[in-house]
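The lines below spell out each chain.
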Amino acid sequence: MFKLLRSKEAITVPTPVSTTVTEGMTLEQVRVAMLQLMKEENTNHYRMGQFYNYVVDKKLAENANYKDAKDYFTKHLADLSQTSLTLYGAVAKDFSEPVARRFGVTCLYLLLTYKEAADIEVNHEDPGDTLIEVPDDKGQVTAKPFGDCSVDQMRRALQRLRKPASSKPLTPEAEALAEQYSEAVTGSFPKGARVKVAVRNQKGKAVLDFKGIPLEQVNQLVEALSGQVPSVREVRPVEKPTLG
């Protein structure tokens, strides 16, 4: 009986950490609170992607006399860019919500892009062990598990794949703009379309290659490219820490 009592006394229930600033918080409590807020942000973005995919799949916008989902959201959620919706939708389509909470929506989208560029397999249920070849500031490449990679490291790994050995690397602004065009184009075609946009480095300049666009749908390509995409100078890569 005495042993049983001692064993019960040893059990401690963790105190919930507030996600708002409260006086007397410890450094560890702040860290845990910030991690929780990051997870909540990833969850919100993931669920927005689910909503976006639902509207696209069910053709709700078209049934309500809009041209497409992009047209509807541009008019009714102007503060939410099509680039973001495409990103959220792609991650919600290929990964589960717990995976999105753990690794982050932005990092997972970059992993999908890396998967296509490197032609590798990814375990969508647990992508953390996927090896990513990450270059350092001196160009030295180290294979790191995806779960240990930051957004910046994923971007550098992608940049390395797109950079020929004889050229200077693309600027982060050009990389980000190329990604925006890629997302705008692929997001303007129906789900399941085999449209691909590849970014390559041609003597230090980013070049976009388009593949798989049906002749009768070329107008959608033109419309996607003529949309409001910022200039290279206005683009600033958005970086988020990943959750380990």
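Just above sits the structure.
Here is a short report on the structure shown in this document.

Our next topic: the overall build of the protein chain. Secondary structure summary: the protein chain contains 10 helices and 4 strands in total. Moving toward the C terminus, one meets the helices and strands of the protein chain in the order α-α-α-α-α-α-α-β-β-α-α-β-β-α. The buried share among the 244 residues of the protein chain stands at 34%. Taking the intrachain contacts of the protein chain between residues at least 6 apart in sequence as the baseline, contacts between residues at least 24 apart amount to 53%.

Let us now look at the packing of helix α8 (residues 151-162) against helix α9 (residues 172-187). At a minimum axis separation of 11 Å, α8 and α9 run at an interaxial angle of 90°. In this view, α8 runs roughly perpendicular relative to α9, as classed from their interaxial angle. On α9, the residues that touch R155, L158, Q159 and R162 of α8 are P172, E175 and E179. The class makeup of the residues in the contact of α8 with α9 is 2 nonpolar, 1 polar and 4 charged.

Now for the pattern of salt bridges. Per the counting criterion, the structure on display carries 7 salt bridges. As a salt-bridge pair, E133 and R160 come within 3.0 Å of each other at their nearest N and O atoms. Pair noted here: E133 is in strand β1 (residues 131-135) and R160 is in helix α8, with a separation of 27 residues, a long-range link. You can call R160 partly exposed: its relative accessible area is 31%.

V91, F95, L108, L111, I132, F146 and M154 are the most contacted members of the largest nonpolar core, which has 33 residues in total. Among the secondary structure elements, those contributing two or more residues to this core are α2 (27-58), α4 (69-76), α5 (82-94), α6 (97-103), α7 (105-118), β1 and α8. Considering each element in turn, this core owes the most residues, 8 residues, to α7. Those residues within four positions of V91 in sequence are excluded, and the remaining contacts are Y46, V105, L108 and Y109. Counting 6 residues, the second-largest nonpolar core is a separate cluster that includes V185, V195, V197 and A224.

Moving on: a nonpolar patch on the surface. A contiguous nonpolar surface patch, about 290 Å² in accessible area, is contributed by L215, V218 and V222. Along the chain, V218 turns up in helix α10 (residues 218-225).

One can describe the packing of α5 onto α7 by two numbers: an axis separation of 9 Å at closest approach and a directional angle of 75°. It follows that α5 is roughly perpendicular to α7 by the angle criterion. On the side of α5, the interface is formed by L87, Y88, A90, V91 and D94, while α7 contributes V105, L108, Y109 and L112.

Okay, the environment of R156 next. Structurally, the position occupied by R156 is in helix α8. Taking relative accessible area as the criterion, R156 reaches 22% and is therefore assigned partly exposed. With 19 residues separating them in the primary sequence, R156 and D137 have C-alpha atoms 9.5 Å apart. With residues up to four places along the chain from it excluded, the contact list for R156 reads V134, P135 and D136.

Bringing the packing of aromatic side chains into the picture now. Taken as a whole and judged by the stated rule, the model has 4 aromatic pairs. Geometrically, the ring pair formed by Y52 and F73 is tilted, given 5.8 Å between the ring centres and 50° between the ring planes. With a gap of 21 residues between them, Y52 in helix α2 and F73 in helix α4 connect regions that are remote in the sequence. Across the pair, F73 and Y52 agree in class, each one buried. When the centroid spacing of 5.4 Å and the interplanar angle of 35° are considered together, the rings of F103 and F146 count as tilted. Residue F103 is found in helix α6, and its partner F146 is found in the loop between β2 (141-145) and α8; the two are separated by 43 residues along the sequence. An aromatic cluster is built from Y52, Y66, Y72 and F73, whose rings are joined through pairwise contacts.

Calculation rules
- Residue positions are counted from 1 within each chain, in the order its sequence is given.
- The model is predicted, so local features are restricted to residues of pLDDT at least 70 and side-chain atom pairs to those at 80 or more, both for listing and for counting; the totals for chains, interfaces and linings are taken over all residues.
- To get the side-chain values, take all heavy atoms of the structure and skip hydrogens and water.
- The way it works is that DSSP assigns letters per residue, a run of H or I at least four long becomes a helix, a run of E at least two long becomes a strand, and they are numbered from the N terminus.
- Any residue under 20% of the maximum accessible area for its type is buried, any over 50% is exposed, and the rest in between are partly exposed; the area is computed with a 1.4 Å probe on protein chains only.
- For this analysis, residues touch if any pair of their heavy atoms sits within 4.5 Å.
- Each axis is a line fitted through C-alpha atoms, taken for helices only over the stretch in contact, and angles between the N-to-C directions span 0 to 180 degrees.
- The scheme is simple: roughly parallel for angles under 35 degrees, roughly antiparallel for over 145, roughly perpendicular for 65 to 115, oblique for anything else.
- Amino acid classes used here: Ala, Val, Leu, Ile, Met, Phe, Trp, Tyr, Cys and Pro are nonpolar; Asp, Glu, Lys and Arg are charged; the rest, including Gly, are polar.
- One speaks of a salt bridge when a side-chain nitrogen belonging to Lys or Arg is within 4 Å of a carboxyl oxygen belonging to Asp or Glu.
- Nonpolar cores are built from buried Ala, Val, Leu, Ile, Met, Phe, Trp, Tyr and Cys residues. Side-chain atoms within 4.5 Å join them into one set.
- The patch calculation keeps residues exceeding 30% relative accessible area without a salt bridge and links them within 9 Å when they carry like charges or within 5 Å when they are nonpolar (Val, Leu, Ile, Met, Phe, Trp, Tyr).
- Areas reported as accessible are Shrake-Rupley estimates using a 1.4 Å probe. Residue values count occlusion only from the protein chains shown.
- Only the six-membered ring of Trp is used, alongside the rings of Phe and Tyr, when aromatic pairs are assigned; centres must lie within 6.5 Å, and planes under 30 degrees apart are stacked while those over 60 apart are edge-to-face, with the rest tilted.

That's the geometry; what it means functionally is another story.
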